[in-house]
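Now for the letters of each chain:
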Amino acid sequence: MPDSKTIKTKRTKVTKTKEEGLEVAIYDISARETGKLALPKQMFDVKPNMTLISQYVRVYLANQRQGTASAKTRGEVIGSTRKIYKQKGTGRARHGSIKAPIFVGGGVVGGPKPRDFSLKINKKQKKAALFSALTLKKKDEDILGLNDSVLSIEPKTKNVFGLLKKLGLIGKKVAFMISGDIKNFSLAARNIDKLRLLNANSINAYEVLDADKILITKGALEHIKKIFLVKTK
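None of the values given here were measured: they were computed from a predicted structure. (Residues numbered from 1 in each chain as written. Predicted model: local features only at pLDDT ≥ 70, side-chain atom pairs only at ≥ 80, totals over all residues. Heavy atoms only, no water.)

Q: Outline the overall build of the chain, listing residues and values.
A: Scanning the chain for helices and strands turns up seven helices and six strands. Across the 233 residues that make up the chain, the buried fraction comes to 34%. Excluding contacts between residues fewer than 6 apart, the proportion of contacts in the chain whose partners are at least 24 apart in sequence is 69%. Counting every atom, the chain has about 15,800 Å² of accessible surface; 51% of that belongs to carbon and sulfur. (Helix = DSSP H or I, 4+ residues; strand = E, 2+ residues; numbered from the N terminus. Buried < 20%, exposed > 50% of the residue type's maximum accessible area, 1.4 Å probe, protein only. Contact = heavy atoms within 4.5 Å. Areas by Shrake-Rupley, 256 points an atom, 1.4 Å probe, with all protein chains shown as cover.)

Right, here's the structure in full:
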């Protein structure tokens with residue numbers, strides 16, 4: 001009988017080619033399922049950081065503010081410098097300028113002035129917030145795949161509207177995540193309410209969260225993977 005020390009057990013390493021549950025159906029312009037789109041686990045299956053998402057949304061909305069509101073003070077209002085009526089004998093309060101804040105057309109006290117509302121957030125935080133947002137959408141089953149051939153359809157609104165109707169997305173905020181030549185598709189989609197086109201180059205966590213459903217093409221997914229999952233030495 002062989003010694004137990006001489007017995008070597010072989011452990012076979014099982015590798016999965018596709019992440020379980022990280023696939024979404026791909027649809028063509030007729031809303032027919034044509035296959036499956038595999039989503040990378042590094043982007044669509046991370047631990048959501050809700051604090052970071054909240055921070056990113058606050059920064060994003062703050063950066064949308066123009067900060068151009070401006071009100072004139074009494075020194076900036078154009079008008080006569082003449083004393084509006086004599087100092088004594090009228091029975092009224094003493095006033096020297098029509099540009100005083102208490103008069104209509106006068107200056108404003110403590111009014112808004114141009115200012116910069118922008119906030120900063122670093123690249124790693126932006127990336128982590130985006131991955132968290134994509135993960136939340138995937139868990140809620142709000143991500144669908146889209147065939148790349150959809151981008152070359154005839155530029156007619158009825159084509160995109162028909163796709164949304166068959167998928168039951170009429171009246172919802174739908175975001176198409178696309179890349180490449182989108183001229184025909186953008187012409188076909190521009191008159192549809194609550195529909196947005198998200199370029200793969202400028203995708204961000206806020207636009208992902210703001211959409212009810214996200215339809216992503218295979219080409220756009222590959223483009224996003226090159227941007228965010230590229231390995232740096």
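Moving on from the coordinates now.
Q: With reference to specific residues and values, describe helix α2 (residues 50-63).
A: Across its 14 residues, α2 extends 20 Å between first and last C-alpha, which sits within 8% of the 20 Å expected from 1.5 Å per residue. L52, I53, Y56, V59, Y60 and A62 are the residues of α2 that are buried. Close packing links the buried residues of α2 with α3 (123-139) and α6 (205-210). (Expected span 1.5 Å × (residues − 1).)

Q: Which residues make up the environment of L163, and what are the values?
A: Mapping L163 onto the fold places it in helix α4 (residues 157-166). Overall, the relative accessible area of 0% leaves L163 in the buried class. Residues L163 and Y27 lie 136 residues apart in sequence; the distance between their C-alpha atoms is 9.1 Å. Discounting residues that sit within four places of it in the chain, L163 has contacts with D28, I29, A31, L146, F176 and L215.

Q: Which residues make up the sheet that holds strand β3 (residues 143-146), and what are the values?
A: Read from one edge to the other, the open sheet built from six strands follows the order β2-β1-β3-β6-β4-β5, with strand pairing classed as mixed. Single-partner strands in this sheet number two, and they are β2 (33-38) and β5 (195-199). Put simply, the sheet's adjacent strands are angled 30° from each other on average, direction ignored. Here strand β4 (residues 174-178) runs beside β5; their pairing, made up of five bridges, is parallel. For V174, the partnering residue across the bridge sits in β5 and is L195. Sheet strands touched by α3: β1 (23-27), β3 and β6 (213-217). Its angle to β3, the strand with the most contacts, is close to 90°. (Pairing = 2+ DSSP bridges. Axes fitted to C-alpha atoms, helices over the stretch in contact; angles between N-to-C directions.)

Q: An account of the pairing of β4 is requested, with residue identities and associated values reported.
A: Of all five residues in β4, five are buried; the element is thus mostly enclosed. Burial along β4 is two-sided: V174, F176 and I178 facing one way and A175 and M177 facing the other are all buried. Taken together, β4, helix α5 (residues 183-189) and β5 constitute a β-α-β crossover, and its handedness is right-handed. Direction of pairing for β4 relative to β6: parallel, over a ladder of four bridges. Along β6, the bridge assignment pairs F176 with L215. (Right-handed = clockwise from strand over helix to strand, strands pointing away.)

Q: Give me the pattern of salt bridges: which residues, what numbers.
A: Within the structure shown, the criterion is met by nine salt bridges. D210 is paired through a salt bridge with K173; the nearest N and O atoms lie 3.3 Å apart. With D210 in helix α6 and K173 in the loop between α4 and β4, this residue pair connects regions lying 37 residues apart in the sequence. Through salt bridges with shared partners, a single ionic network connects K173, R196, E207 and D210. (Salt bridge = Lys/Arg side-chain N within 4 Å of Asp/Glu carboxyl O.)

Q: Give me the packing of α2 against α3: which residues, what numbers.
A: When two helices pack together, their arrangement is captured by the angle between the axes and the distance separating the axes. The geometry of α2 relative to α3 is characterised by a closest axis approach of 9 Å and an angle of 110° between their N-to-C directions. Considering the angle they form, α2 stands roughly perpendicular to α3. Two packed elements cross with a definite hand, and for α2 against α3 that hand is left-handed. Within the contact between the two elements, α2 uses M50, L52, I53, Q55 and Y56 and α3 uses Q125, K126, A128, A129, S132, A133 and L136. A breakdown of the residues in the contact of α2 with α3 according to their chemical character gives eight nonpolar, three polar and one charged. (Parallel < 35°, antiparallel > 145°, perpendicular 65-115°, else oblique. Left-handed = near helix turned anticlockwise from the far one by under 90°. Nonpolar A, V, L, I, M, F, W, Y, C, P; charged D, E, K, R; others polar.)

Limitation: the analysis is restricted to geometry and does not speak to function.
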